[in-house]
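Structural overview
Residues per chain, in single letters:
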Amino acid sequence: MSELTRRAPYVLPVLLLCALPFYVEAFWLRVGLFAMAAAIGAVGLGLLAGTAGQLSLGHAFFLAVGAYGYAWLAGEPGPGLPPLLALVLAVLLAGAAGGLFSPVAGRVRGIYLGVATLALVFLGHHVLLTADSVTGGFNGRSVPPLTVGGFGFTDDGPELVLLGVPFGAEERLWYLGLALLALTWFTARGIRAGRPGRALAALRDSETAAAVMGVHVARHRSAAFVVSSMYAGLAGALLALAFRRIVPDYFGLALSVDYLAMIVIGGLGSVAGATAGAVFVTALPLLMTRYADHLPLVATPGSTDGSVGPTEAARYLYGAAIIGFLLYAPDGLHGLVRRLRARLRRRCTEPAPATTPSSVTPPVTAPRAKEHTP
């Protein structure tokens, strides 16, 4: 198999994603932006839960650290740093927050770690509401635009036209999101395929066996939590740029549950599966909101007749999807696709059964007489 043929399954989707801003409207680009930001955070949680076997319900807290960290570092009131530097520092700030919690993550596992991280969500929500000078309080704060070398990603000026297509904020942010998602894929797959990934997988399977092989249990658990927090911080910063204004209520417990749904539906421990789960969970409520008029049993947004709204209906649907995957496909979408590909490959490689033409009668041989021994 040639190198081009081996990489074709990856090159073609990338080319398609790069060409989308030239053909689709702004709504679909916004859906894609939210999905890419969610995919970055879901990949980080997948490393923690799927590869390292650590349960976390505090992912929304680290997304808030990244989002508000960028908004404060690059804005006023705040240091007013260059936006690109503020973006990098916001990711590092989320990693530092994960590092402060890493002693707990290094010594606690399972449901106990989940309850411990759950406290982070409530604590973070309280801080976001009370630290008005940094977060803007209940009303939130606007997000400064990202500019690099005079080129703005989140503002509509100066006017930019490529191949006759005007490139506004959504089109510009689309390519930034693609670049950050590609960076996430590259680093996450490198971690999983390298020694850290093998050590984390050994910890997930058996702590005793991993310790016998020389794996430092607490250190690797803490490192996995810090890396996952940094991915969440990057996702939060990209979400802030896409929203242009952030409020504390968005970064609640429901967001952490959504991220758990992403990695369960997509498949634990899979980068591609986490991305697919993020696209499903993020795009479903947006699409149901847009097409609520054409869907049965779904009320239009703002309806007061007590019917089920698009957001609630979307949660019911992917809640049912979680139950279905846990019962019939515990390894998620990634495992389901892998099994289907293996089945198709077996069917293509199996030799056809030999058949004898019906018009030809095989010759009948007479039985040989038994020879007697003299």
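To keep things clear, this report deals only with the structure shown in the data block.

Let us look at the overall build of the protein chain. If you tally the helices and strands in the protein chain, you get 14 helices and six strands. Going through the 374 residues of the protein chain one by one, you find that 43% of them count as buried. In the structure as shown, the protein chain presents an accessible area of about 20,400 Å², 67% of it carried by carbon and sulfur atoms.

To continue, consider the side chain of Thr117. Locating Thr117 in the fold gives a position in helix α5 (residues 111-130). With residues near it in sequence (within four places) discarded, Thr117 still touches Leu55, Ser56, Leu57, Gly58, Phe101 and Phe225.

Aromatic ring pairs are reported here in terms of the distance separating the ring centres and the angle at which the planes meet. With the rule as written, the count across this model stands at eight aromatic pairs. Judged by centre distance (5.2 Å) and plane angle (70°), the ring pair of Phe243 and Tyr250 falls under edge-to-face. These aromatic residues form a ring-pair network of at least three members: Phe34, Tyr68, Phe243, Tyr250 and Phe251. We note Arg290 situated over the ring of Phe27; from NZ or CZ to the ring centre the distance is 4.2 Å.

Here we come to the packing of helix α2 (residues 26-51) against helix α12 (residues 271-290). Contact pair α2 / α12: the axes reach a minimum separation of 8 Å and the direction vectors enclose 145°. α12 is crossed by α2, and the crossing has right-handed handedness. Taken together, the residues of α12 that come into contact with α2 (itself represented by Phe27, Trp28, Val31, Phe34, Ala35, Ala38, Ala39, Ala42 and Val43) are Val271, Ala274, Thr275, Ala278, Val279, Thr282, Ala283, Leu286, Leu287 and Arg290.

Our focus in this paragraph is helix α3 (residues 59-74). If you check α3, its first and last C-alpha atoms are 23 Å apart, about what 16 residues at 1.5 Å a residue would give, namely 22 Å. Most of α3 is tucked away: 15 of the 16 residues are buried.

Take the pattern of salt bridges next. Within the structure shown, the criterion is met by five salt bridges. One salt bridge connects Arg338 with Asp331, and the closest N-O pair in it is separated by 3.6 Å. Arg339 is the salt-bridge partner of Asp331, the closest N and O atoms lying 2.7 Å from each other. Accessibility expressed as a relative area gives 27% for Asp331, which makes it partly exposed. Classification of Arg339 by relative accessible area gives partly exposed; the value is 35%. Taken together, the shared-partner salt bridges in this structure form one network comprising Asp331, Arg338 and Arg339.

Bringing the nonpolar core into the picture now. Residues Ile40, Leu63, Tyr70, Ile246, Phe251 and Tyr259 are the most contacted members of the largest nonpolar core, which totals 91 residues. Top contributing element to this core by residue count: α2, with 14 residues. Excluding its chain neighbours within four sequence positions, the residues that come into contact with Ile246 are Ala67, Tyr68, Ala71, Asn139, Gly140, Arg141, Val143, Ala240 and Phe251.

Quick notes on the rules
- Residues numbered from 1 in each chain as written.
- Predicted model: local features only at pLDDT ≥ 70, side-chain atom pairs only at ≥ 80, totals over all residues.
- Heavy atoms only, no water.
- Helix = DSSP H or I, 4+ residues; strand = E, 2+ residues; numbered from the N terminus.
- Buried < 20%, exposed > 50% of the residue type's maximum accessible area, 1.4 Å probe, protein only.
- Areas by Shrake-Rupley, 256 points an atom, 1.4 Å probe, with all protein chains shown as cover.
- Contact = heavy atoms within 4.5 Å.
- Phe/Tyr/Trp six-rings, centres within 6.5 Å; stacked < 30°, edge-to-face > 60°.
- Lys NZ or Arg CZ within 6 Å of the ring centre and 35° of its normal.
- Axes fitted to C-alpha atoms, helices over the stretch in contact; angles between N-to-C directions.
- Left-handed = near helix turned anticlockwise from the far one by under 90°.
- Expected span 1.5 Å × (residues − 1).
- Salt bridge = Lys/Arg side-chain N within 4 Å of Asp/Glu carboxyl O.
- Core = buried A, V, L, I, M, F, W, Y, C linked by side-chain atoms within 4.5 Å.

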